[in-house]
Amino acid sequence: MHAVPQQVINFLATSAPFDKLKPEQLTALANACSVFYITAQNAGALLRDNLTSLFLIQSGQFSLQELGGSESHLSDGDYFGQLVGKQNTFNPEFLTVNHPGLVYVIASETVSQYFQLNPEVQSFFNAYKEQTLHNQAIDDSNSIWLHKPLSEVLSDKLVSARQDTPILFAVQLMAQQQVSTLMITDFIDDEEQLVGILTDRDIRNRVVAAGCDTQQPVASVMTPNPCFIEKQHTLFDALCLMSEKNIHHLPIVESNKLLPIGLVTATDMLRYQRANVLFIIGELMKAESLYELSRLSWQLPQYFATHAKRLGDFDVAGKILSQATDIMTRKLIDFFQLKNGEPPFDYCWLVYGSQAREDQTMGSDQDNGLLLAQQPNEEQAQYFADMSDYVCKGLNKCGIASCTGNIMASNPELRLSLEQAITEAQTWVDAPTPKALLSFNIFLDVRPVAGNISLFKQLDQARSPLFKQSRFLALLARQVGDMSVPLSMFKRFTYDKGTADAINLKKYALNIINSLVRIYALSAQLSMPNTLSRLANLPAEAGLTKRDADNLRDIWLFLNRLRWRHQVSNKVTNNSILIKDLSAIEKHQLKAAFQAIQVAQQGALMKFCGELS
C-alpha cells in the first residue's frame, strides 16, 4: 500500500458521511480513491471511464442536468454520479464544467463495502439520492414523544354513558370494562357532547362516603364541564394543562367539537415521560406575586443550560418557554384583577408569532393583543388599557422583552372589539398590498391564552373563509417566494452581512417554512398556529404530499435544534449560527435543508399562483 497524502485523508475526514469512519477505515478509503483535475476538455473521457463510480468534489464548479430538464449547480463537498443521481444511469454529457477543479472518484464496489461497515453511510446516500433530510438524531430523540399528537396515542378503550344513566349501572359498567374513568355525554343541538366525567374518586367521595342513592342519575355525582383538550394537540400540551389545573384525567375531544374520543391520565403521562421537564412550570403556577414570578422566570435560561444535553432535548424547548409565558400572562392578569376588580365585560388575551406557534427561543420578544366582546366606553377602555400595560410590563420584567414593533396589547391599536377585528381582517383581504402583507403576517399565527376563549373562536370562524380566498393566498405565496435561502447558485453558503460564517436561521430558513406551512393551513382552514401541528393535520387535498410534509417537519426540527444549541452553548439570544460550529454531516444537512426549502417555495408558487418565481 502506497503512502497516501495527508491532505487526502484530511479532506475525506471532513466530508460527510466519511467523517464517521474510524481512522483505519478512513486511510483505507483514501487508498482506494482516485483524484482527478477535471476540466471541460478531459471531463468526458474521465467520466466515461468511471460511469458507476461516486464522485466527490473538492474544488471547482459544475452543473448537472437532472431528469425532467432541471439543473443542479455543484461545488466543493457535493456528490454526483449513478449512486446519488435520480436516474439509474449516469450520463457524462449532462455534466458541464463551469470552473475546473479536483474531484475524488470512489469505485461503487468500495462504497458498497462501507455501506456494510457503517449503516449510517448508506442512510446518508439514500437520503442524498431522495433529496430528503437524513437526521439520525431525529429518529433517536428522547423527547420527540412530546411532539406526538394526541390522536396518535388514543386508547381503543373509551367507555361512556348518558347523564341520565343510574349511578349503579354506571359503576357496574366501569367494573365490567375495567376503567377508572367514565365519560358522561348527552345530545346537545343534535350532537353528542361531553358534559362530565365520573372517576373512581367521585364514586368514593360522592357515592360511597355520602351514602348516595345509586338509582339517581349519574349527572348528580359526576364532575360536570371537565377540562378537555382537542385531538390535534400534543402530549406536551396535555401535560401542561393537567399540571396547571392539577387534574389527573383529561378527556380528548374531536377538533372543534365536544365529542369525546379518548382520555389521557396522569398514569399515561408517567408511562410516556422520560424526564421531568415541567418542574419550573409547576413553580410558576404557585407564584403569588410579580416579584416571585419574575424571580422564577429568570431560572429558565439556567434550566436549559443545565438540562439540555442532546439535540433532541431542544425539540420541546420552544413549547416549554411558550407554556411558561402563557402561565405568566394568566398569572399577571390574575394579579391585576385581584387588585383592580373584575373586567367590565368579556375579553380574550391573544398571542401572536412565536408564542402562538409555541416555538419561542431565548431571544423571543412578546407579541400579544386584546380581543374585546364589545366597543368599550371611556371608563371601560381605561380598565383594559391599565390591565394590558401591567401585563406587558410584567412580562418584560420576567424576561420576555417588549416588542420593538409595538405588537403588544398595551398598544391601543391592538385592543379591538370582535366586530372591529373582523372588519380589519376583511380589509386585509380586500386590499392586501405588499406593505400590508408584511405588517399583518404575524397576526395570522394567533392563539388565545386567557379570558373568554369563545370570543376567539367567533373571530376565527369569521376570518377563516376570508383567508382561504385564492387571491389572498396567491399574494402570500408570492411574498414567501421572494424570500431567499442563504445558498449561492453553486450551493455555497452565503453569510449574514458583516460576518465571516454566520447564518440567521430564523430569517433565512425557519421563517420561510413557517410562512409556507401557514399558507397551506389557511387554504385548508386549519385553526392551529403551531407549524408541526399544521403539517400533521393537513388534509390530503391540501396540495402538500405526506412525504413533503414529513420532510419539512424534519427540516424544521433540525434547524430549530441548531438554533437552540447555538443559543444555549454560546449563551446568546440571536439566531445566527456559526458554520464553523457544525460537523461535516450537519453542513451537508443544512445545504440539503436549504435546497428542499427552495423546492417547497416553487411548489407553493405553482399551487397558489400557477407560476414559477
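Read on for a plain summary of the structure.

Focus on the overall build of the chain
Part 1 of the argument: Assigned secondary structure in the chain consists of 24 helices and 20 strands.
Part 2 of the argument: Counting only C-alpha atoms and orienting by the principal axes, one finds that the chain spans roughly 90 × 60 × 45 Å.
Part 3 of the argument: Counting over 613 residues, the chain shows a buried share of 52%.
Part 4 of the argument: For the chain, the share of sequence-separated contacts (at least 6 apart) that also reach a separation of at least 24 residues comes to 71%.
Part 5 of the argument: For the chain, the accessible surface area stands at approximately 28100 Å², while carbon and sulfur atoms represent 50% of it.
Part 6 of the argument: In the chain, 53 positive and 62 negative side-chain charges are present, and the distance between their average locations comes to 4 Å.

Notes on the environment of A421
Part 1 of the argument: With respect to the secondary-structure elements, A421 resides in helix 17 (residues 418-430).
Part 2 of the argument: Sequence separation between A421 and L372 is 49 residues, and the spatial gap between their C-alpha atoms is 9.2 Å.

Describing the state of the cysteines
Part 1 of the argument: Under the defined criterion, the tally for this structure stands at zero disulfides.
Part 2 of the argument: Left without a disulfide partner, C348 is nearest to the cysteine sulfur of C392, which lies 15 Å away.
Part 3 of the argument: Exposure remark for C348: the relative accessible area of 0% places this residue in the buried category.

Observations regarding the sheet that holds strand 6 (residues 95-99)
Part 1 of the argument: On the basis of which strands lie adjacent, the open sheet formed by three strands has the order 4-3-6 and antiparallel pairing. Two strands close off the open sheet at either side, each with one partner strand: strand 4 (71-74) and strand 6. Going across the sheet, the axis of each strand differs from the next one's by a mean of 20°, ignoring polarity.
Part 2 of the argument: Relative to strand 6, strand 3 (residues 61-65) is paired through four bridges, and the arrangement is antiparallel. Note on strand 6: the bridge partner recorded for L64 is L95.

Structural notes on a nonpolar patch on the surface
Part 1 of the argument: Taken together, the side chains of V35, Y37 and L102 present a nonpolar region at the surface, about 250 Å² in accessible area.
Part 2 of the argument: Tracing the backbone shows L102 in strand 7 (residues 101-106).

Regarding the side chain of S53
Part 1 of the argument: Residue position: S53 is located in the loop between helix 3 (43-48) and strand 2 (54-57).
Part 2 of the argument: Setting aside residues no more than four positions away along its own chain, S53 makes contact with F80, G81, Q82, V105, I106, A107 and S108.

Quick notes on the pattern of salt bridges
Part 1 of the argument: This structure, assessed with the given rule, holds 20 salt bridges.
Part 2 of the argument: R357 is the partner of D359 in a salt bridge, and the nearest nitrogen-oxygen pair spans 2.9 Å. Each member of the pair, D359 as well as R357, carries the same accessibility label: buried.
Part 3 of the argument: Note that R518 and D445 form a salt bridge whose closest N and O atoms lie 2.7 Å from each other.

Remarks on the packing of helix 12 (residues 290-297) against helix 14 (residues 317-340)
Part 1 of the argument: With their axes 10 Å apart at the nearest point, helix 12 and helix 14 run at an angle of 170° to one another. Between helix 12 and helix 14, the crossing angle belongs to the class labelled roughly antiparallel. Once helix 12 is placed against helix 14, the crossing between them reads as left-handed. Along the contact surface, helix 12 presents L290, L293 and S297, while helix 14 presents M328, K331, L332 and F335.

Re the sheet that holds strand 7
Part 1 of the argument: Pairing is antiparallel across the open sheet formed by four strands, whose spatial order is 1-7-2-5. In this open sheet, the two edge strands, each paired with only one partner strand, are strand 1 (34-38) and strand 5 (79-81). Strand-to-strand twist in this sheet, taken as the mean axis angle between neighbours without regard to direction, amounts to 30°.
Part 2 of the argument: As defined by bridge partners, strand 2 adjoins strand 7 across four bridges and the pair is classed as antiparallel. Residue pairing for strand 7: L56 is matched across the bridge by Y104.
Part 3 of the argument: Strands in contact with helix 1 (residues 6-13) are strand 2 and strand 7; relative to strand 7, the strand with the most contacts, it is inclined by about 80°.

Side note on helix 17
Part 1 of the argument: The end-to-end C-alpha distance of helix 17 is 19 Å, a good match for the 18 Å that 13 residues give at a rise of 1.5 Å each.
Part 2 of the argument: When we look at burial in helix 17, the residues that qualify are L418, A421, A425, W428 and V429. Summarising the axial view, the buried residues of helix 17 lie within an arc of 95°, below the 170-degree limit, and thus occupy one face. Residues E419 and D430 are exposed on helix 17 and point more than 90 degrees away from its buried face.

Cut-off values and rules
Residues numbered from 1 in each chain as written. Predicted model: local features only at pLDDT ≥ 70, side-chain atom pairs only at ≥ 80, totals over all residues. Heavy atoms only, no water. Helix = DSSP H or I, 4+ residues; strand = E, 2+ residues; numbered from the N terminus. Buried < 20%, exposed > 50% of the residue type's maximum accessible area, 1.4 Å probe, protein only. Contact = heavy atoms within 4.5 Å. Areas by Shrake-Rupley, 256 points an atom, 1.4 Å probe, with all protein chains shown as cover. Lys, Arg positive; Asp, Glu negative; His and termini not counted. Charge placed at Lys NZ, Arg CZ, Asp CG, Glu CD. Disulfide = S-S within 2.5 Å. Pairing = 2+ DSSP bridges. Axes fitted to C-alpha atoms, helices over the stretch in contact; angles between N-to-C directions. Patch = residues over 30% accessible without salt bridge, like charges linked within 9 Å, V, L, I, M, F, W, Y side chains within 5 Å. Salt bridge = Lys/Arg side-chain N within 4 Å of Asp/Glu carboxyl O. Parallel < 35°, antiparallel > 145°, perpendicular 65-115°, else oblique. Left-handed = near helix turned anticlockwise from the far one by under 90°. Expected span 1.5 Å × (residues − 1). Arc of directions from axis to C-beta.

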